[in-house]
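# Summary of structural features
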Amino acid sequence: MSLNIKPLSDRVVIEPMAAETTTASGLIIPDTAKEKPQKGTVVAVGNGKKDHTMTVKVGDTVLYGKYAGTELKYEGTDYLIMKEEEIYAII
(Lines give C-alpha, C1' and ligand atoms only; values in the text may rest on other atoms or scores of the structure.)
Protein backbone atom coordinates (compact mmCIF):
# COMPACT_ATOMS: atom_id res chain seq x y z
CA MET A 1 0.00 0.00 0.00
CA SER A 2 1.45 3.33 -1.05
CA LEU A 3 0.59 6.35 1.09
CA ASN A 4 1.49 9.86 -0.04
CA ILE A 5 1.86 11.14 3.53
CA LYS A 6 5.41 11.47 4.88
CA PRO A 7 5.37 12.16 8.65
CA LEU A 8 8.01 14.50 10.01
CA SER A 9 10.53 13.82 12.76
CA ASP A 10 9.56 10.96 15.12
CA ARG A 11 5.94 10.64 14.00
CA VAL A 12 4.23 7.62 12.47
CA VAL A 13 0.99 7.16 10.53
CA ILE A 14 -1.13 4.20 11.68
CA GLU A 15 -4.17 2.61 10.08
CA PRO A 16 -6.35 1.42 12.99
CA MET A 17 -7.76 -2.09 12.83
CA ALA A 18 -11.54 -2.50 12.79
CA ALA A 19 -13.31 -2.45 16.16
CA GLU A 20 -14.65 -5.73 17.52
CA THR A 21 -18.29 -6.34 16.56
CA THR A 22 -18.94 -9.38 18.77
CA THR A 23 -17.80 -10.54 22.20
CA ALA A 24 -16.00 -13.83 22.87
CA SER A 25 -19.34 -15.37 23.83
CA GLY A 26 -20.97 -14.27 20.57
CA LEU A 27 -22.94 -11.22 21.70
CA ILE A 28 -23.16 -8.45 19.11
CA ILE A 29 -21.80 -5.11 20.32
CA PRO A 30 -23.93 -2.11 19.22
CA ASP A 31 -22.19 0.84 17.55
CA THR A 32 -22.76 3.08 20.56
CA ALA A 33 -20.91 0.69 22.91
CA LYS A 34 -17.87 -0.05 20.72
CA GLU A 35 -14.52 1.09 22.03
CA LYS A 36 -11.84 2.73 19.94
CA PRO A 37 -9.37 0.19 18.58
CA GLN A 38 -5.96 0.17 20.25
CA LYS A 39 -4.19 -1.88 17.61
CA GLY A 40 -3.16 -0.87 14.11
CA THR A 41 -0.71 -1.21 11.25
CA VAL A 42 2.08 1.30 10.61
CA VAL A 43 1.75 2.69 7.06
CA ALA A 44 4.34 5.52 7.14
CA VAL A 45 7.30 6.42 9.36
CA GLY A 46 9.24 9.68 9.75
CA ASN A 47 13.03 9.90 9.71
CA GLY A 48 13.41 10.22 13.47
CA LYS A 49 15.25 12.88 15.43
CA LYS A 50 18.93 13.69 15.30
CA ASP A 51 19.66 11.62 18.41
CA HIS A 52 16.91 9.00 18.00
CA THR A 53 16.40 6.42 15.26
CA MET A 54 12.96 4.98 14.65
CA THR A 55 12.17 1.56 16.12
CA VAL A 56 8.97 0.85 14.19
CA LYS A 57 8.86 0.29 10.46
CA VAL A 58 6.16 0.18 7.80
CA GLY A 59 4.04 -2.97 8.12
CA ASP A 60 4.49 -3.42 11.89
CA THR A 61 1.36 -4.15 13.94
CA VAL A 62 1.43 -1.99 17.06
CA LEU A 63 -0.48 -1.33 20.28
CA TYR A 64 -1.13 2.29 21.28
CA GLY A 65 -3.12 4.23 23.86
CA LYS A 66 -6.88 4.64 23.54
CA TYR A 67 -6.63 8.42 23.13
CA ALA A 68 -3.20 8.56 21.46
CA GLY A 69 -2.53 10.49 18.30
CA THR A 70 -4.54 12.73 16.03
CA GLU A 71 -7.22 11.31 13.78
CA LEU A 72 -7.16 12.18 10.09
CA LYS A 73 -9.06 11.05 7.02
CA TYR A 74 -7.11 10.79 3.77
CA GLU A 75 -8.61 9.56 0.50
CA GLY A 76 -11.57 8.04 2.37
CA THR A 77 -9.48 6.04 4.86
CA ASP A 78 -9.11 6.82 8.57
CA TYR A 79 -5.58 7.13 9.97
CA LEU A 80 -3.90 8.18 13.20
CA ILE A 81 -0.72 10.23 13.29
CA MET A 82 1.26 10.08 16.53
CA LYS A 83 4.73 10.28 18.00
CA GLU A 84 6.60 7.00 18.26
CA GLU A 85 6.70 7.36 22.07
CA GLU A 86 2.89 6.96 22.16
CA ILE A 87 3.25 3.41 20.82
CA TYR A 88 3.35 0.83 23.63
CA ALA A 89 4.43 -2.33 21.81
CA ILE A 90 5.09 -4.02 18.48
CA ILE A 91 3.12 -7.24 18.10
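Everything below is about the structure printed above this text.
Counting restarts for each chain, with residues numbered from 1 along the sequence as it is written. Only residues with pLDDT of 70 or above have their local features reported here, since the model is predicted, and side-chain atom pairs are shown and tallied only from 80 upward, although totals for entire chains, interfaces and linings are computed over all residues. Neither water nor hydrogens contribute to the side-chain values; these are computed over all heavy atoms in the structure.

### Brief notes about the nonpolar core
Side-chain atoms within 4.5 Å link the members of a nonpolar core, which is a set of buried Ala, Val, Leu, Ile, Met, Phe, Trp, Tyr and Cys residues. Burial here depends on accessible area, computed with a 1.4 Å probe over protein chains only, as a share of the maximum for the residue type. Under 20% is buried, over 50% is exposed, and the range in between is partly exposed. If you look at the biggest cluster of nonpolar residues, it comprises 12 residues: Val 12, Ile 14, Val 42, Val 45, Met 54, Val 56, Val 62, Tyr 64, Ala 68, Leu 80, Met 82 and Ile 87. To qualify as a helix, a DSSP run of H or I must reach at least 4 residues; to qualify as a strand, a run of E must reach at least 2; elements of each kind are numbered from the N terminus. Among the elements of the structure, β1 (11-16), β2 (39-45), β3 (61-64) and β5 (77-83) are those that each provide at least two residues to this core. Counting residues in hydrophobic clusters, the runner-up holds five residues, among them Leu 3, Val 43, Ala 44 and Tyr 79.

### Some words on the pairing of β1
Where β1 and β5 come together, four bridges link them in antiparallel fashion. Bridge pairing in β5 links Arg 11 to Lys 83. We treat two strands as partners when DSSP finds at least two bridges between them.

### With respect to the layout of surface pockets
By volume, the largest pocket is sized at about 230 Å³. What lines the largest pocket is Met 17, Ala 18, Ala 19, Glu 20, Ile 29, Ala 33, Lys 34, Glu 35, Lys 36, Pro 37, Gln 38 and Lys 39. In this structure, the second largest pocket occupies an estimated 150 Å³ of space. Grid points spaced at 1 Å over the protein atoms alone were grouped into cavities, where a 1.4 Å probe fits but cannot get out, and pockets, open sets with protein on both sides within 12 Å along at least five of seven lines, with lining residues defined by an atom within 4 Å of a point. In this structure, the second largest pocket is lined by Pro 16, Lys 36, Pro 37, Tyr 64, Lys 66, Ala 68, Glu 71, Leu 72, Lys 73, Asp 78, Tyr 79 and Leu 80. Elements that contribute at least two residues to the lining of the second largest pocket include exactly β4 (70-74) and β5. Residues were grouped as follows: Ala, Val, Leu, Ile, Met, Phe, Trp, Tyr, Cys and Pro as nonpolar; Asp, Glu, Lys and Arg as charged; and all remaining residues, including Gly, as polar. In terms of residue class, the lining of the second largest pocket is built from seven nonpolar, no polar and five charged. Grid points are joined across faces, edges and corners, and a volume is the space filled by probe spheres set on the points.

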